[in-house]
Amino acid sequence: MKSRLIVIRGNSGSGKTTLAKALRLVLLDSILFSQDVIRREMLNVKDGPGNPTIRWIEELVGLADGRHATILLEGILAQDWYGEMIDRLERRFTSRYVAYYFDVSFEETVRRHAMRQPTEFSETDMKRWWIDQDHRPTDRLIAEDRSNRSHDSDNKA
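A quick note: this is a predicted structure, and the numbers were derived from the prediction, not measured.

Caption draft 1: The arrangement of unusual backbone geometry in detail. At Leu77, a position not held by glycine, the phi torsion is positive, near 45 degrees. Within the element layout of this structure, Leu77 appears in the loop between β3 (70–75) and α4 (79–93). Its identity is not glycine, yet Gln133 carries a phi of approximately 50 degrees, on the positive side. Relative to the elements of secondary structure, Gln133 occurs in the loop between α6 (123–129) and β5 (140–143). Looking at Gln133, the relative accessible area reads 43%, which means it is partly exposed.

Caption draft 2: Region of the structure containing the packing of aromatic side chains. Overall, the coordinates contain one aromatic pair when judged by the stated rule. Where Phe106 meets Trp130, the ring centres are 5.2 Å apart and the plane angle is 85 degrees; that geometry is what we call edge-to-face. One end of the pair, Phe106, is in helix α5 (residues 106–114); the other, Trp130, is in the loop between α6 and β5, with 24 residues separating them in the sequence. Comparing Phe106 with Trp130, the two get one shared label, buried. Across from the ring centre of Phe106, 4.7 Å away, lies the NZ or CZ of Lys127, which sits over that ring.

Caption draft 3: Main features of the environment of Arg39. As for its placement among the helices and strands, Arg39 is situated in helix α2 (residues 35–43). The spatial distance from the C-alpha of Arg39 to the C-alpha of Asn51 is 8.7 Å, given a sequence separation of 12 residues. Beyond its immediate chain neighbours, meaning those up to four positions away, Arg39 contacts Asn44, Val45, Lys46, Asp47, Thr53 and Tyr82.

Caption draft 4: Highlighting α4. Between its terminal C-alpha atoms α4 stretches only 18 Å, short of the 21 Å expected from 15 residues at 1.5 Å a residue. At Met85, α4 shows its largest kink, close to 30 degrees. Buried within α4 are the following residues: Tyr82, Gly83, Met85, Ile86, Leu89, Glu90 and Phe93.

Caption draft 5: Structural view of the side chain of Asp139. Residue position: Asp139 is located in the loop between α6 and β5. Residue Asp139 is classed as buried on the basis of its relative accessible area, which comes to 9%. Separated by 2.7 Å, the side chains of Asp139 and Arg9 make a polar contact. There is a polar contact of 2.8 Å between the side chain of Asp139 and the backbone nitrogen of Arg136. In this structure, Asp139 is in contact with Arg9, Ala99 and Tyr101, ignoring residues within four places of it in sequence.

Caption draft 6: Seen up close, the layout of surface pockets. Roughly 850 Å³ of volume is contained in the largest pocket. Along the walls of the largest pocket sit 34 residues, with Ser12, Asp36, Arg39, Arg40 and Phe121 positioned nearest its centre. Of all the elements in the fold, those that place two or more residues in the lining of the largest pocket are α1 (16–26), β2 (30–34), α2, β3 and α6. Per element, the largest residue contribution to the lining of the largest pocket is six residues, and it comes from α2. Here the residues of the lining of the largest pocket sort into 11 nonpolar, 11 polar and 12 charged.

Procedures and definitions
- Residues numbered from 1 in each chain as written.
- Predicted model: local features only at pLDDT ≥ 70, side-chain atom pairs only at ≥ 80, totals over all residues.
- Heavy atoms only, no water.
- Helix = DSSP H or I, 4+ residues; strand = E, 2+ residues; numbered from the N terminus.
- Buried < 20%, exposed > 50% of the residue type's maximum accessible area, 1.4 Å probe, protein only.
- Phe/Tyr/Trp six-rings, centres within 6.5 Å; stacked < 30°, edge-to-face > 60°.
- Lys NZ or Arg CZ within 6 Å of the ring centre and 35° of its normal.
- Contact = heavy atoms within 4.5 Å.
- Expected span 1.5 Å × (residues − 1).
- Bend = angle between axes of the 7 residues up to and from the residue.
- Polar contact = N/O pair within 3.5 Å; in protein donor to acceptor, adjacent residues only side chain to side chain.
- 1 Å grid on protein atoms, 1.4 Å probe; cavity = no way out; pocket = protein on both sides within 12 Å on 5 of 7 lines; lining within 4 Å.
- Points joined across faces, edges and corners; volume = space filled by probe spheres on them.
- Nonpolar A, V, L, I, M, F, W, Y, C, P; charged D, E, K, R; others polar.

As structure tokens, this is what we get:
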């Protein structure tokens, strides 16, 4: 069995973890790797160039390849630090690779984050971490209005 890899990227609070967890529930035989879980909970390291999370993610995705129908990878995965690793994964999975980037404004990201209770980080933190337009050429963009539709329909019920 050949696995497919779905990468979901974007800024903190944009909705990528929510989407990845929802996909994990509906895609049979899937596994989810979260950058935050690996970096903060497993390795307890700061993000930045050369941090061990980059290697761990690549190794874990490689280990899951062929063992699960779908591999989900979600996180900020900043292009400056994770780009080369993502390039290697894209080459490895070729036609079995798809990536999405939450193209959401800072203001909308703050609004979405404020709807969560409790929140793990502040608006000031989000501003400090913000990377504008960090999408890659092969990313499929999830626009602000499109990624917000499910929230709108939930609120109408």
